[in-house]
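Single-letter residue listing:
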Amino acid sequence: MMKIDEGNTPLNEPVRSNAVLLIHGFTGSPVAMRPWADSLELAGFDTDVPLLPGHGTQWQDMVGRGYDQWIGATEEAFDELARTHQQVFVAGLSMGGALALHLATRRNVAGVSLVNPGLVVDSRLAPYTRWLKHAVRTVAPISNDIAKRGVDEGAYPRTPVAAVAELHALFAQTRRRLELVSAPVQLFRSTVDNVVSEQSVRELVGGLNPGTLAEHHMLLHSKHVATLDYDAEQIFHESARFFAQLAVKEQKRKEERA
């Protein structure tokens, strides 16, 4: 599918330089992304951290939500930023990483930064959740996998099986589209992650075209929700540098073409 350029800006809105769209994870909320967004704001980027449909309220609100609604929410948020900014970067945690990658196949994303992105549901029952959801409503939560004590990401206390079925479908579709990603990708990977296994990383590396994965950073002191963990500052600093370098390169290309 062709990427859609949503860069047309209304005459009454000034075009600012660069922005970052940050996407939270499955059953989570913007709580896990807000410190990252605040740090990027201090580095000179405008940011948006949308709440995905069915999230941030109660787990029952995820039931009946299709993964297309999560995709649609990220595309709508990206388009809003693209109307008033020259370049828009995307950052994602866990499922938010899959949504960031999917977005990069449908929009002119300037660069992608991923923290422990999910591309595989690590359960042998995942392919059957579309049927299991009628017998089992919820399973144990997959939240607060954080090495730092006393930190709460604000995720749901239960995980709806119906939503897991949608997650499984989202991951499958995203894996099929990885070769369409052309924006440079930066990856942060925790050495200990009890939510997303190495299979997701293997799918990412194997699915992207050679050279698309520009950087791969290991997080030695954090678990899955690394944006709230001991290595958070590393993520914040390295992603700001990565986005800034890409912005400078794009500006130089524009000047050369002019």
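To keep things clear, this report deals only with the structure shown in the data block. (Residues numbered from 1 in each chain as written. Predicted model: local features only at pLDDT ≥ 70, side-chain atom pairs only at ≥ 80, totals over all residues. Heavy atoms only, no water.)

## A word on a nonpolar patch on the surface
- Together, Leu125, Tyr128, Trp131 and Leu132 line one region of the surface with nonpolar side chains, adding up to about 440 Å² of accessible area.
- With respect to the helices, strands and loops of the structure, Tyr128 is situated in the loop between β4 (112–115) and α4 (129–132). (Patch = residues over 30% accessible without salt bridge, like charges linked within 9 Å, V, L, I, M, F, W, Y side chains within 5 Å. Areas by Shrake-Rupley, 256 points an atom, 1.4 Å probe, with all protein chains shown as cover. Salt bridge = Lys/Arg side-chain N within 4 Å of Asp/Glu carboxyl O. Helix = DSSP H or I, 4+ residues; strand = E, 2+ residues; numbered from the N terminus.)

## Concerning the nonpolar core
- By size, the foremost hydrophobic cluster in this structure holds 44 residues, and its most contacted members are Trp70 and Met95.
- With 8 residues, helix α2 (residues 67–82) is the single largest residue contributor to this core.
- By size, the runner-up hydrophobic cluster in this structure holds 28 residues, among which are Phe89, Ala226, Ala232 and Phe236. (Core = buried A, V, L, I, M, F, W, Y, C linked by side-chain atoms within 4.5 Å. Buried < 20%, exposed > 50% of the residue type's maximum accessible area, 1.4 Å probe, protein only.)

## So, the packing of α2 against helix α5 (residues 161–177)
- In the contact formed by α2 and α5, the axes pass within 8 Å of each other and the chain directions differ by 60 degrees. The angle between α2 and α5 places the two elements in the oblique class. Of the residues in α5, those in contact with Tyr67, Trp70 and Ile71 of α2 are Ala163, Glu166, Leu167, Ala169, Leu170 and Gln173.
- Its residues placed into classes, the contact of α2 with α5 shows 7 nonpolar, 1 polar and 1 charged. (Axes fitted to C-alpha atoms, helices over the stretch in contact; angles between N-to-C directions. Parallel < 35°, antiparallel > 145°, perpendicular 65-115°, else oblique. Contact = heavy atoms within 4.5 Å. Nonpolar A, V, L, I, M, F, W, Y, C, P; charged D, E, K, R; others polar.)

## Re the pattern of salt bridges
- Tallied over the full model, the rule gives 10 salt bridges.
- Taking the shortest distance from any N to any O, the salt bridge between Glu80 and Arg83 comes out at 2.2 Å.
- By relative accessible area, which is 46% here, Glu80 ends up partly exposed.
- Of the charged contacts in the structure, one is a salt bridge between Glu215 and Arg241, with a shortest N-O distance of 2.7 Å. Separated by 26 residues along the polypeptide, Glu215 in strand β8 (residues 213–219) and Arg241 in helix α7 (residues 232–257) bring together distant segments of the chain.
- Taking the relative accessible area as the measure of exposure, Arg241 reaches 25% and is therefore partly exposed.

## Here we look at the side chain of Thr227
- Relative to the assigned elements, Thr227 resides in the loop between β8 and α7.
- Looking at Thr227, its side chain comes within polar contact range of the main-chain oxygen of Ala32, at 2.6 Å.
- Discounting chain neighbours no more than four positions away, the residues touching Thr227 are Ala32, Trp36, Leu93, Val115, Ala232, Ile235 and Phe236. (Polar contact = N/O pair within 3.5 Å; in protein donor to acceptor, adjacent residues only side chain to side chain.)

## Observations concerning the environment of Glu250
- Residue position: Glu250 is located in helix α7.
- Residues Glu250 and Gln87, 163 residues apart in the sequence, show an inter-C-alpha distance of 8.8 Å.
- Residues in contact with Glu250, not counting those within four places in the same chain, are Gln87 and Arg257.

## Digging into the environment of Ala110
- Here Ala110 lies in the loop between α3 (95–104) and β4.
- Taking relative accessible area as the criterion, Ala110 reaches 18% and is therefore assigned buried.
- Sequence separation between Ala110 and Val31 is 79 residues; the distance between their C-alpha atoms is 24 Å.
- Residues in contact with Ala110, not counting those within four places in the same chain, are Gln87, Val88, Phe89, Ala183, Pro184 and Leu246.

## Describing the layout of surface pockets
- By volume, the largest pocket is sized at about 540 Å³.
- In terms of lining, the largest pocket is formed by 32 residues, of which the most central are Phe26, Val121, Ile142, Val164 and Leu167.
- For the lining of the largest pocket, the secondary structure elements donating two or more residues are α4 and α5.
- When residues in the lining of the largest pocket are grouped by element, the largest group, 4 residues, is from α5.
- Here the residues of the lining of the largest pocket sort into 20 nonpolar, 10 polar and 2 charged. (1 Å grid on protein atoms, 1.4 Å probe; cavity = no way out; pocket = protein on both sides within 12 Å on 5 of 7 lines; lining within 4 Å. Points joined across faces, edges and corners; volume = space filled by probe spheres on them.)

## A word on the side chain of Gln186
- With respect to the helices, strands and loops of the structure, Gln186 is situated in strand β7 (residues 185–190).
- By relative accessible area, Gln186 is classed as buried at 0%.
- The residues touching Gln186, leaving out its near neighbours within four places in the chain, are Val112, Ser113, Leu114, Glu215, His217, Glu238, Ser239, Arg241 and Phe242.

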